[in-house]
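Letter by letter, the chains look like this.
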Amino acid sequence: MSILLTGATGFIGSSVLRHLIDEGHAVTALVRDATKAAQVTASGATALIGDARDIDLVADASEASDGVIHLASSKDVDHDFITAVFRGLEGSDKPFIHTGGIWSYGNNPDITESSPVDPPALTSWRGTNETRVRAALGIRTVIVSPGIVYGYGKGVPNDIVGAPVTDTDPPALRLIGDGTQHWATVHVDDVAALYVLAFENEVAGTTYIAAIGQNPTVLELTEAAAAAAGIAGGVAAESADASRERLGAGYADALLLDQKASGTRARIDLGWVPNRPSLIEELTRGSYAPQRATLG
């Protein structure tokens, strides 16, 4: 199948692109410049250079495709991009896979697709766009909402391993807040597999939480990172206000959310089987561990 893909050079998108190519799909990757075009071409995709807010360009590319996967979701892009995809796909019953996010559900110890939304300020813009996607006519829409995505030494976990070390004796690795908050996690290759399954299967009008059911606390994650780095003092809590000052208020408030999720619906509906190492394993002896970083 021919797929229009955005975000193909990003952390999640590069993994989705690889999975799509491995499954035999033809991918047209919408990118912003020649450098990114060279990246996706080297990965086996056809590059389309342009702006995701160019309604005519996106509408024509959508119409020419067998469906769209939108990973370059952002506040500035989504309204125009969704409008363009609707123009190109309306009445075709082709798939449009849109990207949401776990933070939209706020503090919640058991997040499911039917949970109420309570987003932090950082992601409050998502709701209106997702409502539009769900209400689309003549398009097979699916929203994938990833948890905290990790893998290959990239993403949010770097705010754990790269946290400042205290000047105490012995030194300790700073927590984000007091560390009692849970994070709903998912490996980037597992979430990529879910996007492909959502595209390939005849599901419509639903949301899938991309979370593997492993919901460690930030304390557990930071302790693993500190042990891997040989930081003798372990970890040290900081106030929520201190985390906001260090990381920026909006981002810190998202990282301070206490969230757990299992991703059960995707397993049942799509046969999704996440099987990559856990984030704790990645921090301890995987892609975030100091020895791996040293080896390149």
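Heads up: these notes are all about the structure in this document.

Procedures and definitions
Residues numbered from 1 in each chain as written. Predicted model: local features only at pLDDT ≥ 70, side-chain atom pairs only at ≥ 80, totals over all residues. Heavy atoms only, no water. Core = buried A, V, L, I, M, F, W, Y, C linked by side-chain atoms within 4.5 Å. Buried < 20%, exposed > 50% of the residue type's maximum accessible area, 1.4 Å probe, protein only. Helix = DSSP H or I, 4+ residues; strand = E, 2+ residues; numbered from the N terminus. Contact = heavy atoms within 4.5 Å. Polar contact = N/O pair within 3.5 Å; in protein donor to acceptor, adjacent residues only side chain to side chain. Pairing = 2+ DSSP bridges. Axes fitted to C-alpha atoms, helices over the stretch in contact; angles between N-to-C directions. Salt bridge = Lys/Arg side-chain N within 4 Å of Asp/Glu carboxyl O.

**Considering the nonpolar core**
Then step 1. Ranked by size, the top nonpolar core spans 67 residues in total, and within it Leu5, Ile69, Val144, Trp183 and Tyr195 carry the most contacts.
Then step 2. If you tally residues by element for this core, the top one is helix α7 (residues 188-200), at eight residues.
Then step 3. Discounting chain neighbours no more than four positions away, the residues touching Leu5 are Gly13, Val16, Leu17, Leu20, Val27, Thr28, Ala29, Leu30, Ile69 and Leu71.
Then step 4. Core analysis: the next-biggest nonpolar cluster, separate from the first, contains 19 residues, Leu30, Ala52, Ala84 and Leu89 among them.

**Points about the side chain of Thr206**
Then step 1. If you trace the backbone, Thr206 turns up in strand β12 (residues 206-210).
Then step 2. Within the structure, the side chain of Thr206 is placed 2.9 Å from the side chain of Arg265, a separation counted as a polar contact.
Then step 3. In contact with Thr206, not counting residues within four places along its chain, are Thr141, Val142, Ile143 and Arg265.

**As for unusual backbone geometry**
Among all residues save glycine, negative phi is the norm, and among peptide bonds the norm is trans.
Then step 1. The omega torsion of the bond from Asp169 to Pro170 falls at 5°, within 30 degrees of zero and hence cis.
Then step 2. A positive phi is found at Asp93, a non-glycine position, where the angle reads about 60°.
Then step 3. Here Asp93 shows up in the loop between α4 (78-89) and β5 (95-99).
Then step 4. On the basis of relative accessible area, Asp93 is assigned to the exposed category, the value being 55%.
Then step 5. Backbone geometry places Tyr152, a non-glycine residue, at a positive phi of 60°.
Then step 6. On the secondary structure map, Tyr152 appears in the loop between β8 (148-151) and β9 (154-155).

**Remarks on the sheet that holds β9**
Then step 1. With mixed pairing, the three strands of this open sheet are ordered in space as β9-β8-β11. The sheet is open, and its two edges are formed by β9 and β11 (185-187), each paired on a single side.
Then step 2. Across two bridges, the pairing between β8 and β9 is antiparallel. For Gly151, the partnering residue across the bridge sits in β9 and is Lys154.
Then step 3. Docked against the sheet, helix α1 (residues 11-22) engages β8 and β9, running at close to 65° with respect to β8.

**Some details on the pattern of salt bridges**
Then step 1. Summed over the entire model, instances satisfying the criterion amount to ten salt bridges.
Then step 2. One salt bridge connects Glu113 with Arg265, and the closest N-O pair in it is separated by 4.0 Å. Note that Glu113 is positioned in the loop between β6 (108-111) and α5 (126-134) and Arg265 in helix α11 (residues 264-270), a separation of 152 residues in sequence.
Then step 3. Residue class for Glu113 comes out buried when judged on its relative accessible area of 17%.
Then step 4. Residue Arg265 is classed as partly exposed on the basis of its relative accessible area, which comes to 32%.
Then step 5. In the salt-bridge network here, residues are joined through shared partners; they are Asp241, Arg244 and Asp253.

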